[in-house]
Amino acid sequence: MPAQTAPAKTQPPVAVLSRQDPKGQAARLLEHGSVLLLPDLDFDIAGFEDALYAQVSNEGVKNISYNPATGELKGAAAEGFAREQLVEIVARYSRWAEDLVRELMPAYGAKLQVGRTSWRPRSADHNLSKRKDDRRLHVDAFPSTPLQGRRILRVFRNVNPAGESRYWRVGEPFADYAGRFLRNARPMAPGAGALLQALGVTKGRRTAYDQLMLQLHDQAKDDDGYQAAAPHWDVSFPPGATWMVFTDAVVHAALGGRYAFEQTFYLPVAAMEDEAASPLRTLERLTGKALV
Ligand SMILES: O=C(O)CCC(=O)C(=O)O
Ligand SMILES: [Fe+2]
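This structure is a prediction, so every number in the text was calculated from the model and none was measured.

Visitor: Got a sec to walk through the packing of aromatic side chains? Specific residues and values, please.
Guide: Inspection of every chain in the model, using the stated rule, returns 18 aromatic pairs. Ring centres of Tyr53 and Trp119 lie 6.4 Å apart, and the angle between their planes is 50°; on these two criteria the pair is classed as tilted. Here the residue Tyr53 occupies a position in helix H2 (residues 49-53), and Trp119 occupies one in strand S5 (residues 113-120), the gap between them amounting to 66 residues. Among the aromatic residues, those joined into a ring-pair cluster are Phe43, Tyr53, Tyr93, Trp96, Trp119, Tyr259 and Phe261. We note Arg150 situated over the ring of Tyr266; from NZ or CZ to the ring centre the distance is 5.0 Å. Seen from the ring of Phe246, Arg151 lies directly overhead, with NZ or CZ sitting 4.1 Å from the centre.

Below you can see the structure in the form of structure tokens.
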């Protein structure tokens, strides 16, 4: 395990920031593994309470998902007016989160890509396989969306109407986590990336990087011993809190809480202030191989 990453273990994983703090600080903190907490931002949902809180996602669906590029909403049972309202408020959250990210990290600029938005009305404790269970510590990796090294940045906001916090667990630094699970990681079979793409299993080409990240996700979630004994901090986000984090590098688990918005962004490593802090460059250092 690289000893030089040890100091991160003694730092609190959450950095509290306000809009007034100097620009540039946010990118540095995020890229080096902090969860950035903005406790006091306004996002008005007045008039949309019924559409939001009466809503449950379809059975077996974790979250209601919205595509800002097409306006398509998936996983919601609502119809008619309630559905229109839900689309409107989720779309508004998407724009709000994008404005916030652009304001706090102006240097990411045109390189920042806007992904899906989600509305998360359920608590985490319904029946899911270990691999789908986000109550287990993991880093994010998407089986059907190869990122080819791009970062995953997510902006969450708790809007629970009953005062309930969203509970997270934040784990060890990425290099420590990767060091544990890399030795059991299997390389991709030759031609597998092209085959998965041709079959429509993946949108785009799965690279050696994506293959490793999926295994880091799966192995940690499968490992009961790791889940029970891994280093961690417990963190709670009260209603009204907004937080953002690179979920491909910050080991995390969502233990409980319902009614949150989330917006996903993608960022090429070249747009980072410190590319060396990316999972791509960290895994390349640890494996001694080029991965994309
Ligand atoms: O819903 C949350 O609070 C986070 C869950 C999670 O780990 C994820 O969506 O990747
Ligand atoms: Fe996650």
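The structure having been displayed, the exposition proceeds.
Visitor: So what's going on with the sheet that holds strand S8 (residues 232-237)? Residues and values would help.
Guide: In space, the 3 strands of this open sheet follow the order S8-S7-S10, with antiparallel pairing throughout. At either end of the open sheet lies a strand with only one pairing partner, and these are S8 and strand S10 (252-256). Between one strand axis and the next, the sheet turns through 25° on average, direction left out of account. Pairing of strand S7 (residues 166-171) with S8 involves 6 bridges; the strand directions are antiparallel.

Visitor: Give a detailed account of the site of ligand 1, specifying residues and quantitative values.
Guide: Around ligand 1 lies a shell formed by Arg120, Asp134, His138, Asp140, Arg154, Phe156, Arg166, Trp168, His252 and Ala254. Between ligand 1 and Trp168 there is a distance of 2.9 Å, counted from an oxygen atom to a side-chain nitrogen or oxygen. The protein chains hide 93% of the 290 Å² of surface that ligand 1 would expose on its own. The class makeup of the residues in the shell around ligand 1 is 3 nonpolar, 2 polar and 5 charged.

Visitor: Quick rundown of a nonpolar patch on the surface? Include the residues and the values.
Guide: A contiguous nonpolar patch, built from Leu195, Leu199 and Val201 and spanning about 300 Å² of accessible area, is present on the exposed surface. Leu195 gets classed as exposed once you look at its relative accessible area, which sits at 52%.

Visitor: Mind laying out the nonpolar core, listing which residues take part and the relevant values?
Guide: Formed by 67 residues in total, the largest nonpolar core has its most connected members in Leu52, Met105, Trp119, Leu216, Met244, Phe261 and Leu283. A per-element tally of this core places helix H3 (residues 80-104) first, with 10 residues.

Visitor: Describe in detail the environment of Ala253, supporting the description with residues and values.
Guide: For Ala253, the position within the fold is in strand S10. Ignoring any residue separated from it by four or fewer positions in sequence, one finds Ala253 in contact with Asp134, Arg135, Arg136, Leu137, His138, Tyr167, Trp168 and Arg169.

Analysis parameters
- Residue numbers restart at each chain and count upward from 1, following the sequence in its written direction.
- Chain letters start at A and ligand numbers start at 1, both assigned in the order the entries are written.
- Residues qualify for local features only when their pLDDT is at least 70, as the model is predicted, and side-chain atom pairs are given and counted only at 80 or more; totals for whole chains, interfaces and linings, by contrast, use all residues.
- Side-chain calculation: all heavy atoms of the structure are included, whereas hydrogens and water are not.
- Two rings belonging to Phe, Tyr or Trp (six-membered ring only in the last case) form a pair when the distance between their centres is within 6.5 Å. Interplanar angles under 30 degrees mark stacking, angles over 60 mark edge-to-face geometry, and anything in between is tilted.
- Each helix corresponds to a stretch of at least 4 residues labelled H or I by DSSP, and each strand to a stretch of at least 2 residues labelled E; elements are numbered beginning at the N terminus.
- To sit over a ring, a charge needs its Lys NZ or Arg CZ within 6 Å of the ring centre and within 35 degrees of the ring normal.
- Only when DSSP finds a minimum of two bridges between them are two strands counted as paired.
- Working convention: axes come from line fits to C-alpha atoms, limited for helices to the stretch in contact. Angles between N-to-C directions cover 0 to 180 degrees.
- Residues are counted as near a molecule or strand when any one of their heavy atoms sits within 4 Å of it.
- Under this definition, polar contacts are N or O atom pairs within 3.5 Å; protein pairs additionally need one hydrogen-donor-capable and one acceptor-capable atom, and for neighbouring residues in sequence, both atoms have to be side-chain atoms.
- Per-residue and other accessible areas were derived by the Shrake-Rupley procedure at a 1.4 Å probe size, with only the shown protein chains allowed to occlude residues.
- Only Asp, Glu, Lys and Arg are considered charged in this grouping, and only Ala, Val, Leu, Ile, Met, Phe, Trp, Tyr, Cys and Pro are considered nonpolar; every other residue, Gly among them, is considered polar.
- Patch membership requires more than 30% relative accessible area and the absence of a salt bridge. Residues of like charge join within 9 Å; the nonpolar side chains Val, Leu, Ile, Met, Phe, Trp and Tyr join within 5 Å.
- The term salt bridge refers to a side-chain nitrogen of Lys or Arg lying within 4 Å of a carboxyl oxygen of Asp or Glu.
- With a 1.4 Å probe rolled over the protein chains alone, any residue whose accessible area is under 20% of its type maximum counts as buried; one over 50% counts as exposed, and the rest are partly exposed.
- Side-chain atoms within 4.5 Å link the members of a nonpolar core, which is a set of buried Ala, Val, Leu, Ile, Met, Phe, Trp, Tyr and Cys residues.
- Contact definition: two residues touch when any of their heavy atoms are within 4.5 Å.

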